[in-house]
Amino acid sequence: MTDTVPTLYDWCGGSAALHRLTEVFYDRVLADPVLEPVFRHMGPNHRDHVARWLGEVFGGPTDYTDELGGYPAMLSHHIGLGITEEQRVRWASLIASSADEAGLPEDPEFRSAFVAYVEWGTRIARENAAPGATPMQNAPTPRWGWGEAPPYLG
């Protein structure tokens, strides 16, 4: 037995699990009357990019930063969207419920960390998407773990 604590990325099943999650989730998004208008024009790589973002956030490879532009790129996709609280809550609820169908671990510790990130991230996204928002432009991609939050906002 080792003293090494696995990352959330490793614990959940890595890239394959997060890609399953984004497939299930965005199928639900496109069928949802609150979220479909926001996502109906998403590009063919959107699901993959979100899976890679989540992978990096949860302690996996830094593909999103290295190949897709990191936090500044993620931020650029949210600026000016005007995300409503109803949309934020629906997004958070749908991705949390999609975790079951995607086969992510059911243990309360993982689900607590997963939902904590989703709540934190969607609140930051809503703030950054507000009209006139002036978010931090060059923050690092957050790295989420078992119960800690990054020390910065927006």
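To be clear, the structure that these remarks concern was listed above.
Presented here is an overview of the structure given in this document. Fair warning: this is a prediction, and the values are worked out from it, not measured in the lab.

1. As for the overall build of the chain
Within the chain, the secondary structure is distributed over eight helices and zero strands. When the elements of the chain are put in sequence order from the N terminus, they spell out α-α-α-α-α-α-α-α. The C-alpha radius of gyration computed for the chain amounts to 15 Å, which stays within 12% of the reference 15 Å derived for 154 residues, consistent with globular compactness. Projected onto its principal axes, the C-alpha positions of the chain cover 50 × 35 × 25 Å.

2. Notes on the layout of surface pockets
Taken as a whole, the largest pocket encloses approximately 850 Å³ of empty space. Lining the largest pocket we find 34 residues, and of these His46, Met74, His78, Trp91 and Ala125 sit closest to its centre. Only helix H3 (36-39), helix H4 (46-57), helix H6 (70-76), helix H7 (85-101) and helix H8 (108-129) provide two or more residues apiece to the lining of the largest pocket. Per element, the largest residue contribution to the lining of the largest pocket is eight residues, and it comes from H8.

3. A word on the packing of aromatic side chains
Aromatic ring pairs: the centre-centre distance and the angle between the two ring planes describe each pair. Applying the stated rule across the entire model yields 11 aromatic pairs. Ring geometry for Trp53 and Tyr64: centres 5.1 Å apart, planes at 80°, overall edge-to-face. Taken together, the positions of Trp53 in helix H4 and Tyr64 in helix H5 (residues 63-68) put the pair 11 residues apart, joining distant regions of the chain. The exposure class of Tyr64 is buried, given its relative accessible area of 3%. Aromatic rings pair up to connect Phe58, Phe110, Phe114, Tyr117, Trp120 and Trp144 into one cluster.

4. Structural notes on the pattern of salt bridges
Should their charged atoms come close, side chains of opposite charge can pair. As enumerated under the stated definition, the model contains 12 salt bridges in all. Through salt bridges with shared partners, one network takes in Glu85, Arg88, Glu119, Arg123 and Arg126.

5. Let's talk about the packing of H7 against H8
Across the interface, H7 lies against H8 with an axial gap of 10 Å and an inter-helix angle of 155°. Classified by the interaxial angle, the pair formed by H7 and H8 is roughly antiparallel. Between H7 and H8 the crossing geometry is right-handed. Only Arg111, Phe114, Val115, Val118, Glu119, Thr122, Arg123 and Arg126 of H8 make contact with H7, whose side of the interface consists of Glu85, Arg88, Trp91, Ala92, Ile95, Ala96, Ala99 and Asp100. Tallied by class, residues from the contact of H7 with H8 come to eight nonpolar, one polar and seven charged.

6. Regarding H7
With 17 residues, H7 should cover 24 Å at 1.5 Å per step; its first-to-last C-alpha distance of 25 Å lies within 8% of that length. Listing the buried residues of H7 in full gives Gln87, Arg88, Trp91, Ala92, Leu94, Ile95, Ser98 and Ala99. Considered in projection along H7, the buried side chains sweep an arc of 170° and stay on one side of the axis. The positive-phi residue at the C-terminal boundary of H7 is Gly103, with phi of around 80°.

Criteria and thresholds
- Residues numbered from 1 in each chain as written.
- Predicted model: local features only at pLDDT ≥ 70, side-chain atom pairs only at ≥ 80, totals over all residues.
- Heavy atoms only, no water.
- Helix = DSSP H or I, 4+ residues; strand = E, 2+ residues; numbered from the N terminus.
- Rg over C-alpha atoms; globule rule 2.2 N^0.38 Å.
- 1 Å grid on protein atoms, 1.4 Å probe; cavity = no way out; pocket = protein on both sides within 12 Å on 5 of 7 lines; lining within 4 Å.
- Points joined across faces, edges and corners; volume = space filled by probe spheres on them.
- Phe/Tyr/Trp six-rings, centres within 6.5 Å; stacked < 30°, edge-to-face > 60°.
- Buried < 20%, exposed > 50% of the residue type's maximum accessible area, 1.4 Å probe, protein only.
- Salt bridge = Lys/Arg side-chain N within 4 Å of Asp/Glu carboxyl O.
- Axes fitted to C-alpha atoms, helices over the stretch in contact; angles between N-to-C directions.
- Parallel < 35°, antiparallel > 145°, perpendicular 65-115°, else oblique.
- Left-handed = near helix turned anticlockwise from the far one by under 90°.
- Contact = heavy atoms within 4.5 Å.
- Nonpolar A, V, L, I, M, F, W, Y, C, P; charged D, E, K, R; others polar.
- Expected span 1.5 Å × (residues − 1).
- Arc of directions from axis to C-beta.

Keep in mind these numbers describe shape, not what the thing actually does.
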